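Given next are the chains, with one letter for each unit.
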Amino acid sequence: MHQRTPSNGASAASRTRAVACTALTLAFVSCLTLVPTPVDPGQKEFAPFTCLFGCGDQDLRDVVSNILMFIPMGWAARYWTRSRGALALSILATLTIEVLQTSLITGRDASLRDILSNSLGGGLGIWLFDHWRSLARPDRGQAIRLAAVGSGAWLALLGFCGFGMRSAPTGDRWYGAWVPDVPQ
């Protein structure tokens, strides 16, 4: 029996996986962004919309989670349309989410930082869709470049962690430190 191929050249099984991936991605993003959160009456005001960094204590976590959340969205959108259309869909989705968070959904904070990081995540997903084969099976030159980039990222992460773990006594006269309890 001959399988019918869709117009974009993908097999029926591939198209079924793409539909499932798209549905799961939309459900995941909707659950994370469109569910109201309880508002504490004593909570201070939300940060201004245009504030990018230094607006709260969770800035870096917020940016990284928004980028990671929209990578599958960009990947799924890229399956259905060309790169520019997929990027436009990712930006449209994030703008819709931010408008809904501003107007209808209680306890959510819309910001320019979210729009930028979501768009970056969508663009990264599109790029990964277009280049995943060369990342999964690189030729010799690509493998060397990937190893260099991976090593640099690993060293940067080690340096960042080391910087964060350095001893930092307080301004107080006395401070404590954990030391091993060694007999003698």
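As shown above, the structure is provided for reference.
Rules used throughout
Residues numbered from 1 in each chain as written. Predicted model: local features only at pLDDT ≥ 70, side-chain atom pairs only at ≥ 80, totals over all residues. Heavy atoms only, no water. Helix = DSSP H or I, 4+ residues; strand = E, 2+ residues; numbered from the N terminus. Buried < 20%, exposed > 50% of the residue type's maximum accessible area, 1.4 Å probe, protein only. Polar contact = N/O pair within 3.5 Å; in protein donor to acceptor, adjacent residues only side chain to side chain. Contact = heavy atoms within 4.5 Å. Expected span 1.5 Å × (residues − 1). Arc of directions from axis to C-beta. Core = buried A, V, L, I, M, F, W, Y, C linked by side-chain atoms within 4.5 Å. Salt bridge = Lys/Arg side-chain N within 4 Å of Asp/Glu carboxyl O.

**Student:** I would appreciate a short explanation of the side chain of Thr-33 in the present structure.
**Tutor:** If you trace the backbone, Thr-33 turns up in helix H1 (residues 12–33). Classification of Thr-33 by relative accessible area gives buried; the value is 6%. There is a polar contact of 2.6 Å between the side chain of Thr-33 and the backbone oxygen of Val-29. If we skip the residues at most four places from it in the chain, Thr-33 touches Met-69, Ile-97, Gln-101, Ile-105 and Arg-108.

**Student:** So what exactly am I meant to see when it comes to H1 here?
**Tutor:** Since the α-helix packs 3.6 residues into each turn, any two residues three or four apart lie on the same face. Counted at 1.5 Å a residue, the expected span for H1 with its 22 residues is 32 Å, and the 31 Å between its end C-alpha atoms agrees. Taken together, the buried positions of H1 are occupied by Ser-14, Ala-18, Thr-22, Thr-25, Val-29 and Thr-33. All buried residues of H1 fall inside an arc of 75 degrees around its axis, so they share one side. Exposed and facing more than 90 degrees away from the buried side of H1 are Thr-16, Arg-17, Leu-24 and Cys-31. Of the surrounding secondary structure, the elements contacted by the buried residues of H1 are helix H2 (59–80) and helix H3 (83–103).

**Student:** Mind showing me how you'd approach the nonpolar core here?
**Tutor:** Considering soluble globular proteins, one finds that nonpolar side chains tend to be buried as a cluster. One finds Val-29, Met-69, Phe-70, Met-73, Ala-93 and Ile-97 forming the largest nonpolar core, which totals 6 residues. Elements represented by at least two residues in this core include exactly H2 and H3.

**Student:** Help me out: how do you make sense of the pattern of salt bridges in this one?
**Tutor:** Side-chain pairs of opposite charge can arise whenever the charged atoms involved come near each other. Following the criterion strictly, the structure yields 2 salt bridges and no others. Here Asp-62 makes a salt bridge to Arg-113, at a shortest N to O gap of 3.1 Å. Note that Asp-62 is positioned in helix H2 and Arg-113 in helix H4 (residues 112–136), a separation of 51 residues in sequence. For Arg-113, a relative accessible area of 10% gives the class buried.

**Student:** Sorry if this is basic, but what is going on with the environment of Val-35 here?
**Tutor:** For Val-35, the position within the fold is in the loop between H1 and H2. Assessed through its relative accessible area of 40%, Val-35 is described here as partly exposed. Between the C-alpha atom of Val-35 and that of Gln-101, which follows or precedes it by 66 residues, the distance is 9.2 Å. Discounting chain neighbours no more than four positions away, the residues touching Val-35 are Ser-30, Ile-105 and Arg-108.

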